[in-house]
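Each chain, letter by letter, is given below.
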Amino acid sequence: MRTTPMPSVNRRHGPRMEVLMMVRVETDLFGSYHCLARNLSSGGMFLETPDPLPLGTPVRVHFSDGHEDIVARGMVRNHYFLNWFDATGPRAMAGMSVVFNGFEAGLDCLRRMLH
């Protein structure tokens, strides 16, 4: 049986930066909590958290470049559950992607971070 590879679709817009920073996520239904951002673009970010919020949940994400606060409005788009092996043995991570749909503060700061 011959298989044809599926084409890869990259829906990301703009430069993406690998980061490792704490962010605060606020929701009307689920309150506020902190989680770890793993990557960032002007269109969204991946947040590592053991309990991803339900898909479609509106969120406000607060983070900083160390000098200026950034507040992005967005929505939970995807859930991820990763398992892998490395030199230390089996590893796992859970998280969610958040797509941004607007900024309350710091858009120019974010643009400077990404370029």
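It should be noted that the structure appears before, not after, this text.
Residues numbered from 1 in each chain as written. Predicted model: local features only at pLDDT ≥ 70, side-chain atom pairs only at ≥ 80, totals over all residues. Heavy atoms only, no water.

Asks: What is the right way to read the pattern of salt bridges from this model?
Replies: For the coordinates displayed, the defined rule picks out seven salt bridges. A salt bridge links Arg112 to Glu68; its shortest N-O distance comes to 3.1 Å. Within this pair, whereas Arg112 is found in helix H1 (residues 107-114), its partner Glu68 is found in the loop between strand E4 (58-64) and strand E5 (69-86), the two being separated by 44 residues in sequence. Taking the relative accessible area as the measure of exposure, Glu68 reaches 31% and is therefore partly exposed. Of the charged contacts in the structure, one is a salt bridge between Asp108 and Arg111, with a shortest N-O distance of 3.7 Å. Taken as a pair, Asp108 and Arg111 lie in helix H1 at a separation of three residues, close to a single helical turn. One connected set of salt bridges, linked through shared partners, spans Arg24, Glu26, Arg60 and Glu104. (Salt bridge = Lys/Arg side-chain N within 4 Å of Asp/Glu carboxyl O. Helix = DSSP H or I, 4+ residues; strand = E, 2+ residues; numbered from the N terminus. Buried < 20%, exposed > 50% of the residue type's maximum accessible area, 1.4 Å probe, protein only.)

Asks: What is the right way to read the packing of aromatic side chains from this model?
Replies: Centre distance and the angle of the planes are the two values used to describe a pair of aromatic rings. Overall, the coordinates contain two aromatic pairs when judged by the stated rule. On the basis of an interplanar angle of 70 degrees and a centroid distance of 5.8 Å, the ring pair of Phe46 and Tyr80 is categorised as edge-to-face. Of this pair, Phe46 sits in strand E3 (residues 44-48) while Tyr80 is found in strand E5, placing the two residues 34 residues apart along the sequence. Arranged with centres 5.4 Å apart and planes meeting at 70 degrees, the rings of Phe100 and Phe103 form a pair that is edge-to-face. (Phe/Tyr/Trp six-rings, centres within 6.5 Å; stacked < 30°, edge-to-face > 60°.)

Asks: Looking at this structure, how should I read the sheet that holds E5?
Replies: Strand pairing within a sheet occurs via backbone hydrogen bonds; the two strands may be parallel or antiparallel. Read once around its circumference, the closed barrel built from six strands follows the order E1-E2-E3-E6-E5-E4, with strand pairing classed as antiparallel. Shown here is a sheet whose adjacent strand axes are inclined to one another by a mean of 45 degrees, direction ignored. Strand contacts of H1: strand E1 (16-27), strand E2 (31-41), E4, E5 and strand E6 (89-105), with the helix running at about 40 degrees to E2, the strand carrying the most contacts. (Pairing = 2+ DSSP bridges. Axes fitted to C-alpha atoms, helices over the stretch in contact; angles between N-to-C directions. Contact = heavy atoms within 4.5 Å.)

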